[in-house]
Amino acid sequence: MSPKHSAQSMKPATAAKKLGVYLPATPEEFRARETTRAELEELEKNPPEWLADLRRNGPHPRPVVAGRLGVSISGLTRGGLTEPLTTEQIDELRQDPPAWLAQEREILKKVRAEEERLAAQQSRKA
């Protein structure tokens, strides 16, 4: 039995964020109205062609770009990337990574290692 969802709706920006897509690239009818939780769930289960295409080819929002490049969102900014990128542009950066990308990957790797160390330290104290 699935839990009942309320008819609570969300703004287009929130729905786009939850779907992992760049809002300005979505169809006008998506941007023009709010989305209910049930509609969002349906979009996740059975994505329409526009959603599948956006997820596959982009343009992608910054959190998706950062994740695909293996850096933080701040790292993107430090690297001078402030605009959304397509899958093709992301793949080009991955194939021939500039110096800033390698540096930002190392920074993120160190940050995550430190977070893990602190979490382990906290769990030993508890």
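Residues numbered from 1 in each chain as written. Predicted model: local features only at pLDDT ≥ 70, side-chain atom pairs only at ≥ 80, totals over all residues. Heavy atoms only, no water.

1. Focus on the packing of helix H5 (residues 62-69) against helix H7 (residues 87-95)
Packed helix pairs are characterised by how far apart their axes lie and by the angle those axes make with each other. So the rule is basically this: Structural elements are reduced to axes, namely lines fitted to C-alpha atoms, with helices fitted over the stretch in contact, and the angle between N-to-C directions of any two is expressed from 0 to 180 degrees. We count a stretch as a helix when DSSP gives it H or I for four or more residues in a row; a strand needs E for two or more, and each element gets its number in order from the N terminus. The scheme is simple: roughly parallel for angles under 35 degrees, roughly antiparallel for over 145, roughly perpendicular for 65 to 115, oblique for anything else. Each crossing is labelled by how the near helix is turned from the far one, with a counterclockwise turn of less than a right angle marking it left-handed and a clockwise turn marking it right-handed. Two residues form a contact once any of their heavy atoms are found within 4.5 Å.
Running from amino to carboxyl end, H5 crosses H7 at an angle of 30°, the nearest separation of the two axes being 10 Å. With respect to their mutual orientation, H5 and H7 come out roughly parallel. H7 is crossed by H5, and the crossing has right-handed handedness. In this structure, H5 contributes Val65, Arg68 and Leu69 to the contact, and H7 contributes Thr87, Ile90, Leu93 and Arg94.

2. Observations regarding the side chain of threonine 26
Note the threshold: Within 3.5 Å is the distance limit for a polar contact, defined as a pair of N or O atoms, with the added protein rule that one can donate a hydrogen and the other accept it, and that residues adjacent in sequence qualify only through two side-chain atoms.
With respect to the secondary-structure elements, threonine 26 resides in the loop between helix H1 (12-19) and helix H2 (28-31). A distance of 2.6 Å separates a polar side-chain atom of threonine 26 from the backbone oxygen of leucine 23. The residues touching threonine 26, leaving out its near neighbours within four places in the chain, are Val21, Arg31, Trp50 and Leu54.

3. Some details on the confidence of the model for the protein
Quick reminder of the rule: Think of pLDDT as the predictor's per-residue confidence, scored from 0 to 100.
Mean pLDDT over the protein stands at 90; residues scoring 70 or higher make up 94%. Confidence, read as mean pLDDT per element, is least for strand E1 (residues 9-10) in the protein (88) and greatest for H7 (94).

4. Topic: the side chain of glutamate 104
We apply this condition: Only protein chains enter the accessibility calculation, which uses a 1.4 Å probe. A residue is then buried if its area is under 20% of the maximum for its type, exposed if over 50%, and partly exposed in between.
Within the element layout of this structure, glutamate 104 appears in helix H8 (residues 99-125). Assessed through its relative accessible area of 6%, glutamate 104 is described here as buried. The contact partners of glutamate 104, leaving out residues within four places of it in the chain, are Val71, Gly75 and Arg78.

5. Some remarks on the packing of H1 against helix H3 (residues 37-45)
Note the cut-off: Gly is put with the polar residues, along with every residue not named as nonpolar or charged; the nonpolar set is Ala, Val, Leu, Ile, Met, Phe, Trp, Tyr, Cys and Pro, and the charged set is Asp, Glu, Lys and Arg.
With their axes 11 Å apart at the nearest point, H1 and H3 run at an angle of 30° to one another. The two elements H1 and H3 meet at a crossing, and its hand is right-handed. Counted together, Ala15, Lys18 and Leu19 of H1 and Leu40, Leu43 and Glu44 of H3 form the full contact between these two elements. By residue class, the composition of the contact of H1 with H3 is 4 nonpolar, no polar and 2 charged.

6. Some words on the pattern of salt bridges
Side chains that differ in sign of charge can pair as their charged atoms come close. Where we set the bar: One speaks of a salt bridge when a side-chain nitrogen belonging to Lys or Arg is within 4 Å of a carboxyl oxygen belonging to Asp or Glu.
One pass over the full model with this rule turns up 9 salt bridges. Two residues, lysine 45 and glutamate 41, come together in a salt bridge whose shortest N-O distance is 3.4 Å. Taken together, the residues span about one helical turn, with lysine 45 and glutamate 41 both in helix H3 at a distance of 4 residues. Judged by its relative accessible area of 34%, glutamate 41 is partly exposed. One network of salt bridges, in which partners are shared, links Glu49, Asp53 and Arg56.

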